[in-house]
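Below, each chain spelled out in residue letters.
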Amino acid sequence: FDELKLNLPNDFNKENFTKIDKIFSKLSGKPYSINRIEKILETIDVVTTNEQYMSTKSTVEENIIGNKIDLIFSISETEKIFVKKINIFGNNVTRETVIRNQLEIDEGDPFNEILAQKSINNIKNLNFFKTVNSEILQGKDKSKIININVEEKATGEITAGAGVGTSGGTVAFGIKENNYLGKGIKLNTNFTLAERKSTGIFSIRNPNFQNSDKESMYKIEISEDDQLSSYGYKSNKEGFTVGLNYEQYKDVFFSPTISLYHDNLETDSSASASRKKQEGDYVDAEFSYGLTLNRLDSNFQPREGFQSSFNQTLPIVTDDGIITNSYRMAKFIPMDNDTILSVRFLATAVNSITDDDVRLTKRAYIPQNRLRGFEAGKIGPTDSGDYIGGNYASALNFNASLPQLLSDFQNLDFNLFLDTANVWGVDYDSSLDNSKIRSSTGLAVDWLTPIGPLSFSFAIPLTKADSDKTEGFRFDIGTSF
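Reading guide: rules and limits
Going along each chain's sequence as written, the residues are numbered from 1 onward. Selection of residues for local features in this predicted model requires a pLDDT of at least 70, selection of side-chain atom pairs for listing and counting requires 80 or more, and totals for whole chains, interfaces and linings are taken over all residues. Hydrogens are left out, water is left out, and the side-chain values use all remaining heavy atoms of the structure. Starting at the N terminus, helices and strands are each numbered in turn, a helix being any DSSP run of H or I of at least four residues and a strand any DSSP run of E of at least two. Pairs of residues are marked as contacts when any of their non-hydrogen atoms sit within 4.5 Å. The Shrake-Rupley method, run with a 1.4 Å probe, gives the accessible areas here. Residue values count only the displayed protein chains as cover. When charges are counted, neither His nor the chain ends are considered; positive counts come from Lys and Arg and negative counts from Asp and Glu. Where a charge sits is defined by one atom per residue type, namely NZ (Lys), CZ (Arg), CG (Asp) or CD (Glu). Working definition: a ring pair exists when centres of Phe, Tyr or Trp rings (six-membered ring for Trp) sit within 6.5 Å. Plane angles under 30 degrees give stacked, over 60 give edge-to-face, the rest tilted. We call a residue buried when its accessible area falls under 20% of the maximum for its residue type, exposed when it is over 50%, and partly exposed in between, using a 1.4 Å probe and counting protein chains only. The criterion is that NZ of a Lys, or CZ of an Arg, lies within 6 Å of the ring centre and within 35 degrees of the ring normal, and then a charge sits over that ring.

A. Expanded view of the overall build of the protein chain. On a plain count of helices and strands, the protein chain comes out with six helices and 24 strands. Seen along its three principal axes, the alpha-carbon backbone of the protein chain occupies a region of about 85 × 50 × 50 Å. Sequence separation of 24 or more characterises 56% of the internal contacts of the protein chain that already satisfy a separation of 6 or more. Total accessible area computed for the protein chain in this model is approximately 25500 Å², and 53% of it derives from carbon and sulfur atoms. Here the protein chain contributes 52 positive and 66 negative side-chain charges, whose respective centroids are spaced 2 Å apart.

The following block contains the structure:
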C-alpha cells in the first residue's frame with residue numbers, strides 16, 4: 001500500500017470517519033491484502049450505519065505504480081431503495097432460519113450493498129455449503145429483491161488419529177456433526193486411548209439458543225488413568241459442564257459456565273506419600289468465565305487479525321479451593337505470496353486458596369497441539385517416574401503456511417512450525433520441579449484425499465529434559481458423511 005484516501009459527500013461529517021484515517025495511516029507501506037480492504041469496507045459500513053447513512057455505496061479506485069498501489073475510497077449516498085423480498089434457494093437440509101440469522105439486512109430495510117455482501121460472507125463462514133451465490137433484482141416501486149443460492153455439502157465428520165513415540169502409541173477417534181438436524185447445532189464425540197489412560201467427551205453447541213443470539217454449550221466428560229501397576233494409583237473423573245457464549249460488546253465475548261465433577265483417587269502400598277495423602281473422593285462444583293476480544297477476519301481459517309482471551313475457574317463447592325487462570329492469544333499476519341504467519345501464546349496457573357496441594361487431575365499440562373514432537377502429558381515434573389504436571393504451564397507457537405511450495409497441488413497445504421513450551425511448579429515438593437524450555441520444529445502437511453482430509457506432522461525436538469518422552473511422527477485422518 002502507498003497512499004490511501006477517502007472521498008465523502010459534502011454533507012457528511014468528516015469527524016465521524018477519523019477511524020478510517022487511522023487505519024489508512026497504519027496500512028501505508030504494509031503488504032497489499034484484499035482482507036485489509038474488506039476490513040476498511042466493514043469499518044465504513046459501521047460508521048455509515050451508526051450515522052444513519054443507510055443507503056450508501058462504496059467504490060474503490062486503484063492506481064498501481066511499480067510495486068505499490070494507491071487506493072481512493074469513495075462513499076456516496078444513493079436513492080433510498082428498500083428490500084422487498086429475500087429468497088433463499090438450495091437449502092434442503094439446513095433450516096432457513098439458520099441462514100436468515102446470518103443476514104445483516106432484512107426485508108423492509110433500506111437496501112445497502114455493503115450489508116448485503118457482508119450477509120453473504122456470514123453465510124459462507126457457516127461452512128455448511130459448497131457454494132454461496134447471490135443476485136440482486138430490481139423490484140417494483142423502487143425496491144430490491146435478493147436471491148441467495150446455496151449448495152449444501154456433507155457436514156458430518158469421522159476422524160481417527162495416532163501417534164508413535166518413545167513410550168508406545170496413542171489412538172484417538174471422533175464423530176462430529178456440525179449441522180445437526182439442519183439447525184446449525186454442533187455435536188462432537190471424541191475418544192482418546194493410550195497405554196493406561198482413556199478419555200471420552202461428548203459435547204453439544206447451539207449457536208442460537210432459543211433465538212437469543214447466544215451460544216449454549218453442554219459437555220459430558222469421563223476419564224480413567226490406571227497407573228496401579230506402575231506408580232500405585234488409579235484416578236477416575238466424570239462430570240458435566242453447561243454454559244453460554246455471547247457478544248457483550250463489539251468484538252468482546254463473555255462465556256460463563258457451571259460445572260459439576262466427581263473425582264476419585266485410589267492408591268496401594270507402592271504409591272508415593274503425596275499420592276496417598278490425596279486418596280479419596282472429591283466433588284467439585286465450579287463457576288468459570290471467559291472474556292475474549294476477537295478481531296479475526298474469520299473464525300474459519302483466519303488470515304488476518306488477532307484474538308485474546310482470559311479464563312478463570314472459581315470454586316463454588318470444593319474440598320481444596322483450587323483456582324485456575326489461563327490466557328490465550330493468537331495473531332495472524334498475511335505476507336506476500338499468500339503466506340500466513342501466525343503466533344500463538346498460552347499461559348496457565350493452577351493454585352489453591354486454602355494452601356492445599358493441587359490434585360493430579362487439576363494440575364496444568366500442555367495440550368498436544370501446542371508442543372508437537374513430544375507425547376501429550378509426558379513433559380515437566382516427575383514423581384518416581386510419574387508425570388505429575390505442574391502449577392504453571394506456558395507455550396509459544398510460530399507457524400508459517402507455504403502455499404508456494406508445490407503450488408501445482410491444490411489439495412496439499414504445507415506449514416513450517418516452531419513450538420516452545422514449559423511445565424513447572426510442584427507445590428508439595430519443590431525438589432521435584434523440572435523447569436526447562438522444551439522446543440521442537442518440523443513440517444505439518446494437510447492433504448485433502450478422496451476419502452477425506454489427512455494430516456501428518458514430522459517434528460524434531462530441539463531442546464528437552466532427559467525425562468521427556470518424544471513423539472516424532474503423528475497422523476490424523478477423517479472423512480465426511
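B. Here's a closer look at the packing of aromatic side chains. For the structure shown, the criterion picks out eleven aromatic pairs. Between the aromatic rings of Tyr327 and Phe345, the centroid separation amounts to 6.4 Å while the plane-to-plane angle is 50°, which identifies the pairing as tilted. Here Phe345 lies in strand E17 (residues 340-352) and Tyr327 lies in strand E16 (residues 322-334), a separation of 18 residues in the sequence. Their ring planes at 40° and their centres at 5.3 Å tell us that Phe458 and Phe473 sit as a pair that is tilted. Here Phe458, found in strand E23 (residues 452-463), pairs with Phe473, found in strand E24 (residues 473-480); they are 15 residues apart in sequence, far enough to count as distant. The class of Phe458 is partly exposed, set by a relative accessible area of 42%. Three or more aromatic residues link up through ring pairs in this structure, and these residues are Phe287, Tyr289 and Phe310. The ring of Tyr282 carries the charged tip of Arg359 above its face, separated from the ring centre by 4.2 Å.

All we've got here are geometric facts, nothing functional implied.
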